[in-house]
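Listed below are the residues making up each chain.
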Amino acid sequence: MSHLPIYLDYAAATPIDEAVLELMLKILRQDGLFGNPSAKDHIYGWQAAEVVEEAREKIAKVVGCSPLALTYTSGASESNNLAILGLARSKNIINSNKRHIISSQIEHKSVLSALEYLQEQGFKVTLLKPTSQGEITAQMVAEAIDDQTFLVSICHANSVVGTVNDIFAIADVCRANDVYFHTDCAQSAGWFDLNLDKSNISLASLTPEKIYGPKGVGALYIKKELNLALTPLIFGGGQERNLRGGTVATHQVAAMGEAFYQMEQKASADKERLYNYRKQIIQALSELDFVKINGKQDSCLPTIVSVSFKDIDPLMLLPSLHELALSTGSACSSSNLQPSYVLKAIGLSDKEARASIRISIGRFTTQEQITKAIEHIKSTVIKLHQACDMWQVKE
Ligand SMILES: *Cc1c(COP(=O)(O)O)cnc(C)c1O
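Calculation rules
- For every chain, the first residue of its written sequence is number 1, and the numbers climb from 1 along that sequence.
- Two thresholds apply to this predicted model, a pLDDT of at least 70 for residue-level local features and 80 or more for giving and counting side-chain atom pairs, whereas whole-chain, interface and lining totals are computed over all residues.
- Side-chain descriptors were evaluated using all non-hydrogen atoms of the structure, hydrogens and water having been removed beforehand.
- Every angle, taken between N-to-C directions, lies between 0 and 180 degrees, and every axis is a line fitted to C-alpha atoms, over only the stretch in contact when it is a helix.
- Helical segments are the DSSP runs of H or I of at least four residues, strand segments are the runs of E of at least two, and each set is numbered from the N terminus.
- Throughout, the term roughly parallel applies to angles under 35 degrees, roughly antiparallel to angles over 145, roughly perpendicular to angles from 65 to 115, and oblique to all others.
- Put simply, a crossing is left-handed when the front helix is turned counterclockwise from the back one by less than a right angle, and right-handed when it is turned clockwise.
- In what follows, residue pairs with any heavy atoms lying within 4.5 Å of each other are defined as contacts.
- Three residue categories are used. Nonpolar comprises Ala, Val, Leu, Ile, Met, Phe, Trp, Tyr, Cys and Pro, charged comprises Asp, Glu, Lys and Arg, and polar comprises the others, including Gly.
- Summary of the distance rule: residues count as near a molecule or strand when at least one heavy atom falls within 4 Å of that molecule or strand.
- Contacts described as polar in this section are N or O atom pairs within 3.5 Å, which, within protein, must combine one atom able to donate a hydrogen with one able to accept it, while residues neighboring in sequence count only if both atoms come from side chains.
- Per-residue and other accessible areas follow the Shrake-Rupley method at a 1.4 Å probe size, with only the shown protein chains counted as cover for residues.
- Strand pairing is assigned whenever DSSP identifies at least 2 bridges connecting the two strands.
- Here, expected helix span is obtained from the residue count minus one, scaled by 1.5 Å.
- Throughout this description, buried means an accessible area under 20% of the type-specific maximum (1.4 Å probe, protein chains only), exposed means over 50%, and partly exposed covers the range between.
- Both site types are read off a 1 Å grid over the protein atoms alone. A 1.4 Å probe that fits but cannot get out defines a cavity, while an open set with protein on both sides within 12 Å along at least five of seven lines defines a pocket; lining residues have an atom within 4 Å of a point.
- Grid points are joined across faces, edges and corners, and a volume is the space filled by probe spheres set on the points.
- The split into domains, and so the bounds of each, comes from an automatic or database assignment of domains.
- We define buried area as the total accessible area lost by two parts upon association, computed with a 1.4 Å probe and summed across both.
- Should a side-chain nitrogen of Lys or Arg be within 4 Å of a carboxyl oxygen of Asp or Glu, the pair is scored as a salt bridge.

## Observations regarding the packing of helix H3 (residues 76-88) against helix H5 (residues 109-120)
And then number 1: It is at 9 Å that the axes of H3 and H5 come closest, and there the two elements cross at 25°. Here H3 lies roughly parallel to H5, going by the angle between them. Considering how the two elements wind past one another, H3 and H5 form a crossing that is right-handed. Taken together, the residues of H5 that come into contact with H3 (itself represented by Ser 77, Asn 80, Asn 81, Ile 84, Leu 85 and Ala 88) are Ser 110, Val 111, Ala 114, Leu 115, Tyr 117 and Leu 118.
And then number 2: Class assignment of the residues belonging to the contact of H3 with H5 gives a composition of 8 nonpolar, 4 polar and no charged.

## Quick look at the site of the ligand
And then number 1: Neighbouring the ligand are the residues Gly 75, Ala 76, Ser 77, His 108, Ser 159, Asp 184, Ala 186, Gln 187, Thr 207, Glu 209 and Lys 210.
And then number 2: Between Glu 209 and the ligand, the recorded distance is 2.4 Å, taken from a side-chain N or O atom to an oxygen atom.
And then number 3: Here the ligand, which alone exposes 390 Å², has 85% of that area covered by the protein.
And then number 4: Of the residues belonging to the shell around the ligand, the class tally is 2 nonpolar, 6 polar and 3 charged.

## Some details on the sheet that holds strand S4 (residues 124-128)
And then number 1: Pairing within the open sheet is mixed, and its 7 strands lie in the order S2-S8-S7-S6-S5-S3-S4. Each edge of the open sheet carries a strand with a single partner, namely strand S2 (70-73) and S4. Averaged over neighbouring strand pairs, the angle between their axes works out to 20° when direction is ignored.
And then number 2: In this sheet, strand S5 (residues 149-153) lies alongside strand S3 (residues 100-104) in parallel orientation, the contact comprising 3 bridges. Residue His 100 lies in a different strand from S5, and its bridge partner there is Thr 149.
And then number 3: Its contacts with the sheet place H3 against S2, S5, strand S6 (180-184), strand S7 (203-206) and strand S8 (218-222), and it is angled at close to 160° to S7.
And then number 4: Its contacts with the sheet place H5 against S3, S4 and S5, and it is angled at close to 150° to S3.

## Some remarks on H3
And then number 1: Here H3 spans 18 Å end to end across 13 residues, near enough to the 18 Å set by a 1.5 Å rise per residue.
And then number 2: Counting buried positions along H3 gives 12 out of 13 residues, so the element sits mostly inside the fold.
And then number 3: Looking at H3, one finds that the buried residues are Ala 76, Glu 78, Ser 79, Asn 80, Asn 81, Leu 82, Ala 83, Ile 84, Leu 85, Gly 86, Leu 87 and Ala 88.

## Digging into empty space enclosed by the protein
The gaps of empty space that remain are located by a probe, the size of a water molecule, rolled over the atoms.
And then number 1: A full pass over the atoms with the stated rule returns 3 cavities of 30 Å³ or more.
And then number 2: Its boundaries defined by the atoms lining it, the largest cavity holds a volume of some 60 Å³.
And then number 3: Partitioning the lining of the largest cavity into residue classes produces 6 nonpolar, 4 polar and 1 charged.

## Some thoughts on the domain arrangement of the protein chain
And then number 1: Domain annotation for the protein chain reports domain 1 (6-12 + 267-391) and domain 2 (18-262).
And then number 2: For domain 1 versus domain 2, the distance between C-alpha centres works out to 29 Å.
And then number 3: Opposite the 31 residues of domain 1 that make contact, domain 2 presents 30 residues.
And then number 4: Carbon and sulfur atoms supply 60% of the area buried between domain 1 and domain 2, which totals about 2,500 Å² over both sides.
And then number 5: The three residues of domain 1 that bury the most area against domain 2 are Lys 296, Leu 301 and Tyr 341, which together make up 23% of that side's buried surface.
And then number 6: At the junction of domain 1 with domain 2, the criterion picks out 1 salt bridge.
And then number 7: Among the ionic pairs, Lys 296 bridges to Glu 135, the shortest N-O distance being 3.3 Å.

Have a look at this one:
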């Protein structure tokens, strides 16, 4: 067997949970539940529909909402698009003449690109600048709201630096101002209690792909009492209460349900272990005087550590860390030479942003891997730092 690098990129994708895989396989097999869940005329359809609804109930239970508040999508990107474009194009908003949306500079590209498109269509978009720890506060949102604002979209947890925002406080500010609040929970769902129905959150994007479920499936939470008639992105045959056309992928949504259910069983033990690994990494690297840890340490994901190095050659960094599979910023912006827009927005220089790594860990990370990774990173960056000193390429 070839020697694979240690996997430290859980924030980009996770391996699948065995129970999730078993369920998917069972459904996909010929004697399984392959029927079209919308087929109303026979038992194959009814059984598939039952699986689809059971999964919706499982997810709903974990995120604290009515199952009917969840619409299946192809992932968090689609959920983000459906929330933002679906609301902006709804009759409600078109008739209201409100045209202002507030978001932040460090949202996922699926949010930022959708907002860019709306800006071209004549909407006004304000992108809040985060604190140097990557946080967006309720106060920042309150100050940016004007009488044209109809939507605020701020993620729960940032996928590059791991900072967790107080979305409940932000949601309260939005409600008090009669503004809808959307939050991208792709990195946080399953790890933190969301209690969506009890909160003032209007819309929330969910996916199982970062919590040991498959890629290519997700859901959008739409608070029922708001009676939001979002305009679909995909028109079709009435599936998902006319909100999302296309045959619901039974094996995918069942897997999502099981991934959320498994998180409910395993998250609290995993969390304790991962926060401990995180602490070990931060303590070990903080001993070096050219290291900076990014993000808000007293409010962060258990899964992400973002580290920047001063005075080392960014081009040498990842190639030298060849024993580890990790990323510089996030999968969506790792053309490697481009510094991460998130790290730049929290105040890092181009050079610092490029000389950064995101270590992201998860359920299958072991103490042995963490010990090895720390040693490898430390010895590598010390060498790179000395080389930089030698050639005097300091800023
Ligand atoms: C991974 C991720 C997404 C994209 O999710 P897909 O299911 O791949 O579309 C969106 N937002 C955040 C914060 C993410 O981490």
